[in-house]
Amino acid sequence: LTFTKSNSEISHGKAFGHITVTTDNVPRLFQRVSRSNATIVRKPASAAEGRTQIAIVGDPSGYKVMLLDRNRDYQEPMCRVKLNVRNLEKSITFYRDILGMDVFRTHNSGERREKLAWVGYG
């Protein structure tokens, strides 16, 4: 997660689709996210011919996060993605407290006027 003073008016662009987070229980994680007042894009529903469930939510900066059943094809909780965010503290709270990620490191880059946070699982 990266915050710079110029990020107050972020454009997500057309190239970014969403982050995918795998979980053992999509409806339970969806309920947790719903209670945080996150944006709901798609409620839990069957996908892949009923073999898995997905839901899509929006984080505090408007990025889409797909919640996907963990299965043999999707074992890792999330791949590495760099996001420019509007509010670093709110974003850390969302990824840490709601989605259960760890904050591995934070850094203030004085020369670029950036604040950085590395979040993820394990």
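Everything below is about the structure printed above this text.
Basis of the calculations
Residues numbered from 1 in each chain as written. Predicted model: local features only at pLDDT ≥ 70, side-chain atom pairs only at ≥ 80, totals over all residues. Heavy atoms only, no water. Helix = DSSP H or I, 4+ residues; strand = E, 2+ residues; numbered from the N terminus. Buried < 20%, exposed > 50% of the residue type's maximum accessible area, 1.4 Å probe, protein only. Areas by Shrake-Rupley, 256 points an atom, 1.4 Å probe, with all protein chains shown as cover. Pairing = 2+ DSSP bridges. Axes fitted to C-alpha atoms, helices over the stretch in contact; angles between N-to-C directions. Polar contact = N/O pair within 3.5 Å; in protein donor to acceptor, adjacent residues only side chain to side chain. Phe/Tyr/Trp six-rings, centres within 6.5 Å; stacked < 30°, edge-to-face > 60°. Lys NZ or Arg CZ within 6 Å of the ring centre and 35° of its normal.

## Comments concerning the overall build of the protein
Reasoning step 1: Each helix and strand in the protein was counted, giving 2 helices and 7 strands.
Reasoning step 2: Taken from N to C terminus, the helices and strands of the protein fall in the order β-β-α-β-β-β-α-β-β.
Reasoning step 3: With 122 residues in all, the protein has 38% of them scored as buried.
Reasoning step 4: For the protein, the computed accessible surface area is about 7800 Å², with 45% contributed by carbon and sulfur atoms.

## Side note on the sheet that holds strand E5 (residues 64-69)
Reasoning step 1: Strands sit in the order E2-E5-E4-E3 across an open sheet of 4 strands; the sheet is mixed. Single-partner strands in this sheet number two, and they are strand E2 (19-23) and strand E3 (39-47). Within the sheet, the average angular offset between the axes of one strand and its neighbour, ignoring direction, is 20°.
Reasoning step 2: Pairing analysis gives 5 bridges linking strand E4 (residues 52-58) to E5, with the strands arranged antiparallel. Along E5, the bridge assignment pairs Gly58 with Lys64.

## Examining helix H2 (residues 88-98)
Reasoning step 1: Within H2, the full set of buried residues consists of Leu88, Ser91, Ile92, Phe94, Tyr95 and Ile98.
Reasoning step 2: Taking the backbone nitrogen of Glu89 as reference, a side-chain oxygen 3.1 Å away marks Asn87 as the first, capping residue of H2.
Reasoning step 3: In the segment just after H2, Gly100 is the residue with positive phi, at about 80°.

## Notes on the packing of aromatic side chains
Reasoning step 1: Taken as a whole, this structure holds 1 aromatic pair when the rule is applied.
Reasoning step 2: For the pair Phe94 and Tyr95, a centre-to-centre distance of 5.1 Å together with 85° between the ring planes defines the contact as edge-to-face. Both residues of the pair, Phe94 and Tyr95, count as buried.
Reasoning step 3: A cation over a ring is seen here: Arg105 above Trp118, with NZ or CZ 4.2 Å from the ring centre.

Coordinates in, geometry out; function isn't part of it.
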